[in-house]
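The primary structure of each chain is shown beneath.
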Amino acid sequence: MTTDLHTLAGAYALDALDPDERRRFEAHYPDCDTCRVEVEEFRAVAGEVATSIRREPPAHLRDQVLARIAETPQLSPAAPVIDLSERRAARRRTGALLAAAAAAVAVIGLSGALISISNDRDRAEQIAAAVADPDALVIDLDPTGDADGAIRVVWRPGTTETLILADGLDDPGSGRVHQLWALGAEGPVPAGLFDVEGPSEGRLTDLVDPAGWAVTVEPAGGSTAPTGEIVFVTT
Amino acid sequence: MGTVIPFPRRRTRTDAPSAPTPDRRTDLITRVARGDESAFAELYDDLASIVFGVVLKVVRDHAMAEEIVQEVFVELWRVAPRFDPERASVSTWAATIAHRRAVDVVRSSQARRAREERDGRRAPAGHDDVVEAVLDHHDRQQVTAALAGLTETQRQAIELAYFGGLTYAEVAATLDLPIGTAKTRIRDGLIRLRDELGVDR
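Residues numbered from 1 in each chain as written. Chains lettered and ligands numbered in written order. Predicted model: local features only at pLDDT ≥ 70, side-chain atom pairs only at ≥ 80, totals over all residues. Heavy atoms only, no water.

S.K.: Can you help me understand the interface of chain B and chain A in this one?
M.R.: Often the size quoted for an interface is simply the accessible area lost on bringing the parts together. Each side of the interface is counted separately: chain B has 80 residues, and chain A has 64 residues. Approximately 6900 Å² of surface area, both sides summed, lies buried where chain B meets chain A, with 57% of it carried by carbon and sulfur atoms. Summed over the three residues of chain B that lose the most area to chain A, namely B:Arg78, B:Arg82 and B:Arg100, the buried surface amounts to 11% of that side. The interface formed by chain B and chain A holds 11 salt bridges in total. With a closest N to O distance of 3.0 Å, B:Arg87 and A:Glu40 form a salt bridge. Those elements that place two or more of their residues in the side of chain B that touches chain A are helix H1 (22-33), helix H2 (37-59), helix H3 (62-79), helix H4 (90-107), helix H5 (109-119), helix H6 (137-148), helix H7 (152-162) and helix H9 (179-197) of chain B. For the side of chain B that touches chain A, the element with the highest residue contribution is H2(B), accounting for 14 residues. When its residues are assigned to classes, the side of chain B that touches chain A shows 38 nonpolar, 14 polar and 28 charged. (Contact = heavy atoms within 4.5 Å. Buried area = accessible area lost by both parts, 1.4 Å probe. Salt bridge = Lys/Arg side-chain N within 4 Å of Asp/Glu carboxyl O. Helix = DSSP H or I, 4+ residues; strand = E, 2+ residues; numbered from the N terminus. Nonpolar A, V, L, I, M, F, W, Y, C, P; charged D, E, K, R; others polar.)

S.K.: How should I be thinking about the environment of B:Thr167 in this particular structure?
M.R.: Looking at the element boundaries, B:Thr167 is found in the loop between H7 and helix H8 (168-175). The spatial distance from the C-alpha of B:Thr167 to the C-alpha of B:Val103 is 9.7 Å, given a sequence separation of 64 residues. Setting aside its immediate chain neighbours within four residues, B:Thr167 contacts A:Ala16, A:Leu17, A:Asp18 and B:Arg107.

S.K.: Please explain the packing of helix H5 (residues 60-69) of chain A against H2(B) as it appears in this structure.
M.R.: The description of two helices packed together rests on the angle between their axes and the distance between the axes. In the contact formed by H5(A) and H2(B), the axes pass within 11 Å of each other and the chain directions differ by 145°. The way H5(A) lies across H2(B) gives a crossing that is right-handed. In this structure, H5(A) uses A:Leu61, A:Arg62, A:Val65, A:Leu66 and A:Ile69 to contact H2(B), whose residues at the interface are B:Glu37, B:Phe40, B:Ala41, B:Tyr44 and B:Asp45. Taken together, the residues that form the contact of H5(A) with H2(B) break down as seven nonpolar, no polar and three charged. (Axes fitted to C-alpha atoms, helices over the stretch in contact; angles between N-to-C directions. Left-handed = near helix turned anticlockwise from the far one by under 90°.)

Structure, rendered in structure tokens:
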């Protein structure tokens, strides 16, 4: 497999790998001197090609970009880059009733405001039932950068339903939405779209046993594969 | 980036600075990494045509390209503190992020569906349809000459992958080649371009 990976530098530098191969190559090349140099050189070639097809964007774009960056925090220089492929899920079983009860309290605390406002009893009962399910996993996701808020996922292995509880997330922007991904062996599987606040029901499009979970911001309606930066991930 | 040859660039912004050298770009990015927004404005003026050019080439939709360009620049601002000049020039760094974002958007099913409806599944456009672009003639001539030096299969494979946003497996299917051959043609084509363009990261 290693020999195989070495031949992928060209296709990788042109973003011409499928998601699975891209992930495998990204796990490989930073530690392989030959591949790393090839990737850097081929990207420079692609950069030259890009420079040869310059097009001036419309002038109004400049102000929009500058307005947006004025409100966008930068990454810190030293912090390590998160490598999804090496993340392992926090698979905390809530088998013990005590833990389930504690989780239920926490979950209701997280989303209680919305539930009480909407007085949606079915919703509340469903959440309570989900977290009380001794086979359900309660999974907390952590922000990768400066994202605000908290995300908790309730999911029972072997099922495709997810319950996503969000609290105080950043507005994803107009025409955009938060999307949950289950990080399966074959790549990220869509696991539900959700609001910045409150509970949402999601569904895995494929029955997987994920090694972790992640959240990205995607165009409205969601994507079949992540296109945005990871904003929350299991640690 | 190979040899730096000062060359006058046509610009639409009359107040734009003269063509920055890689050194000046590195200076700019150092300031941007410290949160200097006016340095970022200068960097935008310098890189916007590269980013827009590559994004538009891949997505072939003005509105979508504008949206992606915004995302790309916000991303460049965000990750600027982690820019490593040992790994890439500033323009390569920007082009890399822009191209990946454009390709990822195109591959998301929604965008792909819309694009295919509009294009009636025609093959991705080649290099020739950008003659109307605002170009640096020197850059263009050098790259055009280098692409012309490739074998037909190498050139097609690289253009389908880079401009068309295809995976090498899709390139293979489009050109009716074995998958391994498409992968190899992309790589040996890039090696030839690298040598021809005198690129050293």
